[in-house]
Amino acid sequence: MNATPQTMVQLNGIGKTWPDGTRALNTVDLEVPEGQFCVILGPSGAGKSTLLRAVNGLMQPTEGKVNVDGIELTPGTEKALRKKVAMIHQHFNLATRASVAANVLSGALPDVSLARALCGWFHPEQRAKACHYLERVGLKPDHLRRRAGELSGGQQQRVGIARAFMLDPKVVLADEPVASLDPKISRDILALLRDAARDLNATVICSLHQVDLAREFGDRIVGMRDGEVVFDGTPDEFDEQRLNRLYHNADWGDGEPREDHPEAEAEPARHAAMGGA
Amino acid sequence: MITRPIPVPPKDARLNWHLDQPFRLKHLVIAVLLLVLLVVTGQRTEMDRMLAMTTEAVGNLVGLNDDSQVVRGLGKVADSMWPPTLATSEEAARLGDLDTDNLPWFSRIESTETVRQRLNTDTLELETTTETIEVLYRPMGYVQTVFVKMIETLEIALWGTLLAVSLSIPLAWFAASNYSPNRATYTIARGLISLLRSVPELIVALFLVLAYGFGPIAGVLALGLHAAGFLGKFYAEDIENADKHPQEALEAIGAGKIKTLWYAVMPQVLPQYVAYTAYILDRNLRMATVIGLVGAGGIGQELKGRFDMYDYGHVMTILIAIFLFVFVLDQISARIRARMI
Ligand SMILES: Nc1ncnc2c1ncn2[C@@H]1O[C@H](COP(=O)(O)OP(=O)(O)OP(=O)(O)O)[C@@H](O)[C@H]1O
Ligand SMILES: [Mg+2]
């Protein structure tokens, strides 16, 4: 690694107000250097997902600038930028009825011509890479032809990781990648993600709800609340007191007590609404 | 184990909740209105007369009354339709290339005497002459004709379905609001689908016969166009309702719309697509037997011709053939379905 790693992801004054008036992000500035494993913590509704989705333009911020590896995110550069930014999802987001092989290969789709894509005729190197990553995440050759939906949650997320690495990403965004997995598998999955990213010197921005895992895997912890970054430091600096303040009804020393979050209750409903949009 | 007494509300407790009965006066009014509607429409469609005539027919059959219009009508039809015609006989002289030493299978030459009346142009009188002509008699000739027509019907249905599927796939893409290139293409595609769906096959075929002439072209087009509307609508709605998660995953890496459709939507909707297509094939097989009534090829065209010539024996043969055809297809499709599920 370089002595002074260059900035890979730069968010400048990102703000987001949803059409319903919710202020999900309030002028967030964040710089993530190359190769860093950056964990984002914060209570539900803090804006973690919204922030991650700003990086690859899945969410259009109302204000602010996104810059990834020197490319500023605009409608014109979106495609080029997205090729450098992989994403791992809480719900794995696999095509459950398609085979594991098809799911992993689909991670290479931006690099394949339309005709090849429609025939499923991927380049031999891409097939080799798919096999390589599937082996690496701990799946077996006979998983290739299985339907993704038949796998367990942990196995599905492994497929998700393999898919994410198909394009040699510079940045990997992971939105609660282990939210629905047991503690042991969660640790394994995060270790896989960290190691695979290290090999490519890829930057990881990962939102989590498990503080212990955040401390274990994060090079850096960013605490968010109410759409603002309220903590930014190393895992060592993130002590019990700061933890309690992040998640509970706490006074952050600016004399302004924070209220509990009604949004946390409305969470499933919002996911459903997004799915139907 | 911890057990606690279940709390009981105190006697004078007043709850702010309401749990109403499922029906109210409003529903009663609606029920009465529906009843009135039924009575009025029933009268306009002569449901009362239908009931009376049917009762009369049943009474006649069990010997309670002497006469029934319905039974008389049906009896007349049945008389003229039985037995079904199986054979054909063609005048040998008209079959120019008939080789009498080498007749087609199961056929034979018969001589029949026909009495012909001819107007003598000189005397202006009707003269009766008796001629003996040779005919080629084929005992199963008409069955053969019907069989060939049935195959044609099957082919019309298959091609109609093929046409429908290939038209409706692009149509569905444009008609899915989340994949259509823009608002205009979406509106046009939806409009086209409604248009195709709204016109019944028989009516489409009527006009297509004018354009393409009698024969299977009109039939295939009529079946294909109507079914394309149906399939386009259902394919498009499945695309719209498909799980968004895998699509988001591919959108996040910038895969593009068509590739996303192919890799994130198609695997999910494919089983439904197969089911819709199977339904359309089934429907087209039935419709193909009817569509010939307006001249669009297949067994229906033969049926119409015979019906118009009062050849009720032939009509009977055709009806039996259609019944067997549909029955066999039902059996086959039931088997296939049982195997697929
Ligand atoms: N599509 C949307 N439309 C309207 N409001 C939204 C939408 N997506 C998110 N929000 C709102 O933005 C705020 C931040 O949501 P976000 O999903 O980023 O939170 P989060 O930190 O990821 O929460 P969690 O940990 O539960 O995933 C919430 O108040 C949420 O209700
Ligand atoms: Mg989230």
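Please refer to the structure placed before this passage.
Below you will find a few notes about this structure.

### Things to note about the overall build of chain A
Here's step 1: Helix and strand counts for chain A stand at 10 helices and 10 strands.
Here's step 2: Expressed as a percentage of the 277 residues in chain A, the buried residues total 49%.
Here's step 3: Counting contacts in chain A only where the partners sit at least 6 residues apart, residues at least 24 apart contribute 69% of the total.

### Observations regarding the pairing of strand β3 (residues 37–41) of chain A
Residue and element names in this part refer to chain A.
Here's step 1: Of all 5 residues that make up β3, 5 are buried, and the element is covered over most of its length.
Here's step 2: In β3, alternate side chains face the same way, and those of F37, V39 and L41 on one face and C38 and I40 on the other are all buried.
Here's step 3: Direction of pairing for β3 relative to strand β8 (residues 203–207): parallel, over a ladder of 4 bridges. By the bridge assignment, F37 is partnered in β8 with V204.

### Here's the deal with the sheet that holds strand β2 (residues 108–120) of chain B
Residues and elements named next belong to chain B.
Here's step 1: Strand order in the open sheet formed by 3 strands is β1-β3-β2, with antiparallel pairing between adjacent strands. Each of the sheet's edge strands pairs with one partner strand only, and the pair in question is β1 (88–91) and β2. Shown here is a sheet whose adjacent strand axes are inclined to one another by a mean of 40 degrees, direction ignored.
Here's step 2: Here 13 bridges tie β2 to strand β3 (residues 125–138), and the two strands are oriented antiparallel to one another. Residue S111 lies in a different strand from β3, and its bridge partner there is E134.

### Quick word on the interface of chain B and chain A
Here's step 1: With 20 residues of chain B at the interface, the matching set in chain A holds 30 residues.
Here's step 2: Interface area, chain B with chain A, both sides summed: about 2,100 Å², of which 63% is carbon and sulfur.
Here's step 3: Broken down residue by residue, the surface that chain B buries against chain A is led by I253, K259 and Y263 of chain B, which jointly contribute 31%.
Here's step 4: Put simply, chain B and chain A have 1 salt bridge between them.
Here's step 5: Residue R53 of chain A is joined to E248 of chain B by a salt bridge in which the shortest nitrogen-to-oxygen separation is 2.9 Å.
Here's step 6: The interface formed by chain B and chain A contains 8 residue pairs in polar contact (both at pLDDT 80 or more).
Here's step 7: At the level of secondary structure, the elements contributing two or more residues to the side of chain B that touches chain A comprise α8 (244–252) and α9 (257–291) of chain B.
Here's step 8: Within the side of chain B that touches chain A, the residues separate by chemical class into 12 nonpolar, 4 polar and 4 charged.

### Quick look at the packing of aromatic side chains
Residue and element names in this part refer to chain B.
Here's step 1: Tallied over the full model, the rule gives 12 aromatic pairs over all chains.
Here's step 2: Between F234 and Y276, the ring centres sit 5.3 Å apart and the planes meet at 50 degrees, which makes this aromatic pair tilted. Of this pair, F234 sits in helix α7 (residues 216–241) while Y276 sits in helix α9, and the two are 42 residues apart along the sequence.
Here's step 3: When its relative accessible area of 23% is taken as the criterion, F234 is described as partly exposed.
Here's step 4: Given a relative accessible area of 15%, Y276 falls into the buried group.

### With respect to the pairing of strand β1 (residues 7–17) of chain A
Residue and element names in this part refer to chain A.
Here's step 1: As paired elements, β1 and strand β2 (residues 23–33) share 7 bridges and run antiparallel to each other. Paired with L11 across the two strands is L30, which belongs to β2.
Here's step 2: Counting the residues that bridge the hairpin from β1 to β2 gives 5 residues, and of these G21 lies at a positive phi of roughly 95 degrees.
Here's step 3: Judged from the 5 bridges that link them, β1 and strand β4 (residues 63–68) form a sheet pairing that is antiparallel.

### Things to note about the nonpolar core
Residue and element names in this part refer to chain A.
Here's step 1: With 56 residues, the main nonpolar core has L41, F165, L190, L193 and L208 as its most contacted residues.
Here's step 2: A total of 6 residues in this core trace back to one element, the largest contributor, which is helix α7 (residues 183–200).
Here's step 3: The residues contacting L208, other than those within four sequence positions of it, are V39, I40, L41, K48, P177, V178, L190, L213, A214 and Y247.
Here's step 4: Formed by 30 residues, the second largest nonpolar core is a distinct cluster that contains I40, L51, L73 and M224.

### Some details on a nonpolar patch on the surface
Residue and element names in this part refer to chain B.
Here's step 1: On the surface, a cluster of nonpolar side chains totalling about 810 Å² of accessible area is made up of W82, I320, F323, L324, F327, V328, I332 and I336.
Here's step 2: Within the element layout of this structure, V328 appears in helix α11 (residues 312–340).
Here's step 3: A relative accessible area of 43% places V328 in the partly exposed class.

### Structural notes on the packing of helix α6 (residues 201–212) of chain B against α7 of chain B
Residues and elements named next belong to chain B.
Here's step 1: Across the interface, α6 lies against α7 with an axial gap of 8 Å and an inter-helix angle of 140 degrees. Comparing their axes, α7 and α6 come out oblique. Here α6 runs over α7; the crossing is right-handed. Within the contact between the two elements, α6 uses E201, V204, A205, L208, V209 and Y212 and α7 uses I217, A218, L221, A222, L223 and H226.

### Topic: unusual backbone geometry
Here's step 1: Of note, the amide linkage connecting W82 of chain B to P83 of chain B takes the cis form, showing an omega dihedral of 0 degrees.
Here's step 2: Mapped onto the fold, P83 of chain B is located in the loop between α3 (69–81) and β1.
Here's step 3: Residue D226 of chain A is not a glycine yet carries a positive backbone phi of 55 degrees.
Here's step 4: For D226 of chain A, the position within the fold is in the loop between β9 (220–225) and β10 (228–233).

Cut-offs applied
- Residues numbered from 1 in each chain as written.
- Chains lettered and ligands numbered in written order.
- Predicted model: local features only at pLDDT ≥ 70, side-chain atom pairs only at ≥ 80, totals over all residues.
- Heavy atoms only, no water.
- Helix = DSSP H or I, 4+ residues; strand = E, 2+ residues; numbered from the N terminus.
- Buried < 20%, exposed > 50% of the residue type's maximum accessible area, 1.4 Å probe, protein only.
- Contact = heavy atoms within 4.5 Å.
- Pairing = 2+ DSSP bridges.
- Axes fitted to C-alpha atoms, helices over the stretch in contact; angles between N-to-C directions.
- Buried area = accessible area lost by both parts, 1.4 Å probe.
- Salt bridge = Lys/Arg side-chain N within 4 Å of Asp/Glu carboxyl O.
- Polar contact = N/O pair within 3.5 Å; in protein donor to acceptor, adjacent residues only side chain to side chain.
- Nonpolar A, V, L, I, M, F, W, Y, C, P; charged D, E, K, R; others polar.
- Phe/Tyr/Trp six-rings, centres within 6.5 Å; stacked < 30°, edge-to-face > 60°.
- Core = buried A, V, L, I, M, F, W, Y, C linked by side-chain atoms within 4.5 Å.
- Patch = residues over 30% accessible without salt bridge, like charges linked within 9 Å, V, L, I, M, F, W, Y side chains within 5 Å.
- Areas by Shrake-Rupley, 256 points an atom, 1.4 Å probe, with all protein chains shown as cover.
- Parallel < 35°, antiparallel > 145°, perpendicular 65-115°, else oblique.
- Left-handed = near helix turned anticlockwise from the far one by under 90°.

So yeah, pure geometry; function would need other evidence.
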